[in-house]
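# Overview (structure and organization)
Listed below are the residues making up each chain.
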Amino acid sequence: MFSKNKFIIGVSENGLLARAKSRLRGPLSTKHKIKQECHGIYLQIAPGLHERFVVFFKNKGIKVIALKKDLLKVDVSLSQIYGLLNKNPIVTRYLVRVFYGNNSVNKIKDIFPYLKNKKIRVFAYPKSLQEKSLELFDKAGIELTPTGYDYALHLVESEGKYFFGLIPKRLNYQKIPDSQKTSRAYYKIKEVVQKTGLNFKGKQVLDLGAAPGGWCEYLKPLATRVVAVDPAVVTVQGDNIVHLKKKLEDIVPELKKQKFDVIICDINNDPMILLDSILKLRIKGVKVVLTLKFDRDNKKYIEHQIEQIKARLGPFSKHLDIAWLFANTVNERTLFCRFK
Ligand SMILES: C[S@@+](CC[C@H](N)C(=O)[O-])C[C@H]1O[C@@H](n2cnc3c(N)ncnc32)[C@H](O)[C@@H]1O
């Protein structure tokens, strides 16, 4: 069964999974000295997002280890991870694959006995292990089939061992490709909304640095009116979207005459310069989302800049939060604030 999001849900399939596991552990386990690991869930993630993933899991009280920049080990069951990911579609966007490796062996050939009389498809990490293992399985006469398989064999090379698990095809992880959006920025504003609960329904929104229009695309079905400011072309059009083809600094007096409920800004510029312009607008009670784009990805430098931004906004804001979203790059953070 497909979820609305990115995964086939395994939660309701526990019985089947348990049976598969018991079959795997069955009579062979004593003979072949398979070490049982607690849960054995490995997540391959988009490279470089490991710190944000670690924070995400820790905030949920889940033990997690970043083994590599693109590989995590999480202490949850397979059904728990499917359930969690289904509730957090943004996270699934940055997830490459879920691996189930509750058993470990020192040599790949020690897995052969578990694959007898099964039609297998191999999913391996790292990529180089895929070809290597396929060759070995093929030579051993194991039936490998990319579509008509009964079991997915998950195989992860880590900590000098091979972790593996067998999953019935219907419980195997499936990532549904994202639909085409105007820009990747679309997912940034989507994540902001999921994280903060910010509501754009019926709102007057000022979208600064709006081109090519990912944020406009997101707002179009929600906001009453979007004023999109950018000297570049905004490709998203609609009765509720007004494009002002200008630079922010050149139209501050014009914008000052209008009252907005929410100001969102994704301009590539020094955050302090952008804040100076934003603070000149009618900001009373306004909510702001601002992508902070730093000229370096050095963490200490970014922390220092964030302190300065907080000090600058402190006197004006009722609520202020700065987050490192999954959708942010290494030198970006996202600021949410509500003005007094
Ligand atoms: C990362 S893109 C924004 C993407 C946009 N949020 C979306 O959803 O597609 C940054 C935009 O800032 C615009 N920009 C740069 N300097 C600007 C300025 N001074 N005033 C207004 N827009 C500016 C650029 O033209 C560019 O389109």
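Residues numbered from 1 in each chain as written. Predicted model: local features only at pLDDT ≥ 70, side-chain atom pairs only at ≥ 80, totals over all residues.

Okay, the sheet that holds strand S17 (residues 332-339) next. Read across the open sheet, the 7 strands follow the order S13-S12-S11-S14-S15-S17-S16; overall the sheet is mixed. The open sheet is flanked by strand S13 (241-244) and strand S16 (317-323), the only strands paired with a single partner. Taking the axes of each pair of neighbouring strands and ignoring which way they run, one obtains an average angle of 15° across the sheet. Helix-sheet contacts for helix H7 (residues 185-196) involve strand S14 (262-265), strand S15 (287-293), S16 and S17, and the interaxial angle to S17 is about 50°. (Pairing = 2+ DSSP bridges. Helix = DSSP H or I, 4+ residues; strand = E, 2+ residues; numbered from the N terminus. Axes fitted to C-alpha atoms, helices over the stretch in contact; angles between N-to-C directions. Contact = placed C-beta atoms within 7 Å.)

Mapping Leu222 onto the fold places it in the loop between helix H8 (214-219) and strand S12 (225-229). Distance from Leu222 to Asn240, taken between C-alpha atoms, is 9.6 Å for residues 18 residues apart in sequence. Beyond its immediate chain neighbours, meaning those up to four positions away, Leu222 contacts Phe200 and Lys201.

Around the ligand there are 22 residues in total, and Ala185, Gly209, Ala211, Gly214 and Asp266 lie nearest to it. Residues that form the shell around the ligand fall into these classes: 11 nonpolar, 7 polar and 4 charged. (Near = placed C-beta within 6 Å. Nonpolar A, V, L, I, M, F, W, Y, C, P; charged D, E, K, R; others polar.)

A few words now on the sheet that holds strand S4 (residues 71-74). A sheet is described by the order of its strands in space; here 4 strands give the open sequence S3-S4-S2-S5, paired in antiparallel fashion. Edge strands, defined here as strands with exactly one partner in the open sheet, are strand S3 (64-68) and strand S5 (95-100). Neighbour-to-neighbour, the strand axes of this sheet turn through a mean angle of 25°, independent of strand direction. Sheet topology note: the strand S2 (residues 41-45)/S5 ladder contains 5 bridges and is antiparallel. Considered in S5, the bridge of Tyr42 is made with Phe99. Helix H3 (residues 50-59) rests against S2, S3 and S4 of the sheet, and its axis sits at about 165° to S3. Strand contacts of helix H4 (residues 78-87): S2, S4 and S5, with the helix running at about 160° to S5, the strand carrying the most contacts.

Looking now at the packing of helix H10 (residues 271-279) against helix H11 (residues 299-313). For the pair H10 and H11, the least separation of the axes is 11 Å and the interaxial angle reads 10°. In terms of their interaxial angle, H10 and H11 are classed as roughly parallel. Seen from above, H10 lies across H11 with right-handed handedness. On H11, the residues touching Pro271, Met272 and Leu275 of H10 are Ile309, Arg312 and Leu313. Per-class residue counts for the contact of H10 with H11 are 5 nonpolar, no polar and 1 charged. (Parallel < 35°, antiparallel > 145°, perpendicular 65-115°, else oblique. Left-handed = near helix turned anticlockwise from the far one by under 90°.)

As far as function goes, none of this settles anything; it's purely spatial.
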